[in-house]
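# Observations on the model geometry
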Amino acid sequence: MTATFRLAGLRLAALLAAPLAALLAAGPATALDLTKKRQTLPDLVLGNEEGNDFVVENKEIELESGKAYRLRIVAKGRQEYKFYAPEFFRHIWLNQIVIQHLEIHGGGPPDHFEFDEPGEIAVEFVTIKPGEYPWTIRGLEAKGMTGKFIVK
């Protein structure tokens, strides 16, 4: 190896040494807990208290990929509501499902949520993949009980 190449190698090593030493001195990187800064979304409301079981409040919900959210799905009508959103459930990381202050934690997406009477289910999650994900109330689609999650 010639003296020129050795000198260039020494200069490169000196240039890299300071940033590398600073990184090592800083210690291990700390991970960001996305669930600590979740945003509460407007409620997705099925039916109302005035007797219209098929009205839906907030049919389209816009979200941003990589952010944490809390969504309450609220049944106010007197129908049996079977809330299906399989594609959406597959493309989020589910932190927990809360029903009457009881938390459900699990390793996979739910198949659907079912309301046999008025009540609410809260879902805490982080969006992962952008896209448009439809949701339906199984059997009541013709009554207008459909919508979508739009993840940008």
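Use the structure listed above.
Residues numbered from 1 in each chain as written. Predicted model: local features only at pLDDT ≥ 70, side-chain atom pairs only at ≥ 80, totals over all residues. Heavy atoms only, no water.

### Here's the deal with the layout of surface pockets
Reported here for the largest pocket is a volume of approximately 240 Å³. Lining the largest pocket we find 14 residues, and of these Ile 99, Gln 100, Gly 119, Glu 120 and Ile 121 sit closest to its centre. Where the lining of the largest pocket is concerned, the elements lending two or more residues are strand S7 (92-99), strand S9 (113-115) and strand S10 (119-127). Examining the composition of the lining of the largest pocket, we find that 4 residues originate from one element, S10, more than from any other. When its residues are assigned to classes, the lining of the largest pocket shows 6 nonpolar, 3 polar and 5 charged. (1 Å grid on protein atoms, 1.4 Å probe; cavity = no way out; pocket = protein on both sides within 12 Å on 5 of 7 lines; lining within 4 Å. Points joined across faces, edges and corners; volume = space filled by probe spheres on them. Helix = DSSP H or I, 4+ residues; strand = E, 2+ residues; numbered from the N terminus. Nonpolar A, V, L, I, M, F, W, Y, C, P; charged D, E, K, R; others polar.)

### Topic: the sheet that holds S9
Taken in spatial order, the 5 strands make up an open sheet running S4-S12-S11-S6-S9, and their pairing is mixed. Each end of this open sheet is capped by a strand with a single partner; those strands are strand S4 (60-63) and S9. Going from strand to strand, the sheet's axes swing by 15 degrees on average, the running direction of each strand aside. By the bridge criterion, 6 bridges tie strand S11 (residues 131-137) to strand S12 (residues 146-151) in an arrangement that is antiparallel. Across the sheet, Pro 134 pairs through a bridge with Lys 148, a residue of S12. (Pairing = 2+ DSSP bridges. Axes fitted to C-alpha atoms, helices over the stretch in contact; angles between N-to-C directions.)

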